[in-house]
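Spelled out from the first residue to the last, the chains are:
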Amino acid sequence: MLTRVATFAMNDEMLAGAMRTQAKLASAQLQEASGSVSGDFGGLGSQAGRYVSLQVSVTRSNAYEAAANEANGRTQAMSTGLSTLSDLISQFRSDLVGASGADGTSGLAATAQTLLQDAQATLNTQYEGRYLFAGSATTTAPVDVTALSATPSASTADTAYYKGNGAAASVRVSAEQTVSYGVTADNPAFEQLFRALNLVASGGSSVSSQTISQASSLTLAALDGVTGLQSQTGLASSTLQRAATAQSDYQSFAASQISDINDVDVAAVTAKVSDYTAQLQASYSALSKIQGLNLVDYLR
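Residues numbered from 1 in each chain as written. Predicted model: local features only at pLDDT ≥ 70, side-chain atom pairs only at ≥ 80, totals over all residues. Heavy atoms only, no water.

Taking an unreviewed UniProt entry as the reference, the protein is identified by name as Flagellin belonging to Labrys wisconsinensis. Checking UniProt for the protein, the heading Sequence similarities (unreviewed entry) contains the comment "Belongs to the bacterial flagellin family." According to its UniProt record, the protein has this under Function (unreviewed entry): "Flagellin is the subunit protein which polymerizes to form the filaments of bacterial flagella." (UniProt positions renumbered as here; feature names shortened; annotations may be inferred.)

Structure, rendered in structure tokens:
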């Protein structure tokens, strides 16, 4: 009695098995070539949500790090300006001490006028196209000494020279931390310096000993104030550097986590490619033989 030697269903199942092996081989070959588990989120299975969350957090961390570094650059530029002003004040104090006790000091007013212009130029410093000491009015030169009173008073503050605003700069360096680092040119230390310089510059060729004494007191206060601002900006710079480093460290950690999720073990996937290739060759060989059979050959 002749029994069935093959059926269409069996042949179809063998073909489907070969196709599944071929699909696995193609996937393994893609992983081997790209080094990634999957080219889309669907291939990551239950880890897809964690993968996306890590990617988003790394992007946000990069932005925080860039903001911290940019702000630190401005802080360091401001620190350089403050050092220049500190030197200027020290020079002016030396000039005042040298002239102390003598009325009609020749050249002192001209020196003060020159230093007034130098102080203005320093506080009008730009960094990356932004005026550093203007608050948030970064496109406006913050100091115009021509606006100072022509008849200055030693005891009355005069901030008419200031053209910026009072919004001191700050930057967000993480979801939880904002760092204030701005210094505006209407700070009392700068105002006292301008007042002292204006007093002497307005004294003409006969600067009185009283004016020299008043200017000396103002410059001493200005020097103390500028020294305090130098400490303040130095502290802000250190804070910004730490914040940038913390973000960089987090990015390295998150990159490691992302790699664990999406990167493949090249040796393991290479072995899979070899196994699937062997299975596929065996399947195709068997299918070729089966499809070459016919009843006449079998009965022969």
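Colleague: Can you help me understand the side chain of Ser61 in this one?
Modeller: Turning to its location among the elements, Ser61 is positioned in helix H2 (residues 48-99). With relative accessibility at 2%, the residue Ser61 sits in the buried group. In terms of polar contacts, Ser61 uses its side chain to reach the side chain of Gln247, at 2.6 Å. Residues in contact with Ser61, not counting those within four places in the same chain, are Gln247, Tyr250 and Gln251. (Helix = DSSP H or I, 4+ residues; strand = E, 2+ residues; numbered from the N terminus. Buried < 20%, exposed > 50% of the residue type's maximum accessible area, 1.4 Å probe, protein only. Polar contact = N/O pair within 3.5 Å; in protein donor to acceptor, adjacent residues only side chain to side chain. Contact = heavy atoms within 4.5 Å.)

Colleague: Teacher, can you tell me more about a nonpolar patch on the surface here?
Modeller: On the surface, Leu15, Met19 and Tyr284 cluster together to form a nonpolar patch covering roughly 270 Å² of accessible area. The topology assignment puts Met19 in helix H1 (residues 8-34). (Patch = residues over 30% accessible without salt bridge, like charges linked within 9 Å, V, L, I, M, F, W, Y side chains within 5 Å. Areas by Shrake-Rupley, 256 points an atom, 1.4 Å probe, with all protein chains shown as cover. Salt bridge = Lys/Arg side-chain N within 4 Å of Asp/Glu carboxyl O.)

Colleague: It is not clear to me how the environment of Ala278 should be interpreted in this structure. Could you clarify?
Modeller: Turning to its location among the elements, Ala278 is positioned in helix H6 (residues 266-292). In the structure, Ala278 is positioned 257 residues away from Thr21 in sequence and 9.9 Å away in space, judged by C-alpha atoms.

Colleague: How should the nonpolar core be read in this particular structure?
Modeller: Note on soluble globular proteins: their nonpolar side chains tend to be buried together. One finds Phe190, Phe194 and Leu197 to be the most contacted residues of the largest nonpolar core, which totals 52 residues. Of all the elements in the fold, those that place two or more residues in this core are H2, helix H3 (108-123), helix H4 (188-201) and helix H5 (209-262). Contact partners of Phe190, with chain neighbours within four places excluded, come to Leu82, Leu85, Leu123, Phe133, Tyr161, Val183, Thr184, Ala185, Val226 and Leu229. (Core = buried A, V, L, I, M, F, W, Y, C linked by side-chain atoms within 4.5 Å.)

Colleague: Whenever I open this one, the packing of aromatic side chains confuses me. Can you help?
Modeller: Any two aromatic rings considered together are summarised by their centre-to-centre distance and by the angle between their planes. All chains considered together, the criterion is met by 3 aromatic pairs. For the pair Phe133 and Phe190, a centre-to-centre distance of 6.1 Å together with 85° between the ring planes defines the contact as edge-to-face. In this pair, Phe133 is assigned in the loop between strand E2 (130-131) and strand E3 (170-172) and Phe190 in helix H4, connecting sequence segments 57 residues apart. Among the residues examined, Phe133 registers a relative accessible area of 1% and is labelled buried. Plain terms: the ring middles of Tyr161 and Phe194 are 4.5 Å apart, the flat faces sit at 50° to each other, and that makes the pair tilted. In this pair, Tyr161 is assigned in the loop between E2 and E3 and Phe194 in helix H4, connecting sequence segments 33 residues apart. Exposure remark for Phe194: the relative accessible area of 0% places this residue in the buried category. (Phe/Tyr/Trp six-rings, centres within 6.5 Å; stacked < 30°, edge-to-face > 60°.)

Colleague: When you look at the packing of H3 against H4 in this model, what are you seeing that I'm missing?
Modeller: At a closest axis distance of 7 Å, the pairing of H3 and H4 adopts a crossing angle of 150°. Regarding the angle of H3 to H4, the classification is roughly antiparallel. Once H3 is placed against H4, the crossing between them reads as left-handed. Side by side, H3 and H4 meet where Leu108, Ala109, Ala112, Gln113, Leu115, Leu116, Ala119, Gln120 and Leu123 of the first sit next to Phe190, Leu193, Phe194, Leu197, Asn198, Val200 and Ala201 of the second. (Axes fitted to C-alpha atoms, helices over the stretch in contact; angles between N-to-C directions. Parallel < 35°, antiparallel > 145°, perpendicular 65-115°, else oblique. Left-handed = near helix turned anticlockwise from the far one by under 90°.)

Colleague: Honestly, the pattern of salt bridges in this entry has me stumped. Any pointers?
Modeller: By the definition in use, this model includes 2 salt bridges. A salt bridge links Glu70 to Arg74; the shortest N-O distance between them is 3.7 Å. On the criterion of helical spacing, the pair formed by Glu70 and Arg74 is a turn pair, its members being 4 residues apart in helix H2. By relative accessible area, Arg74 is classed as buried at 12%. Among the ionic pairs, Glu191 bridges to Arg195, the shortest N-O distance being 2.8 Å.

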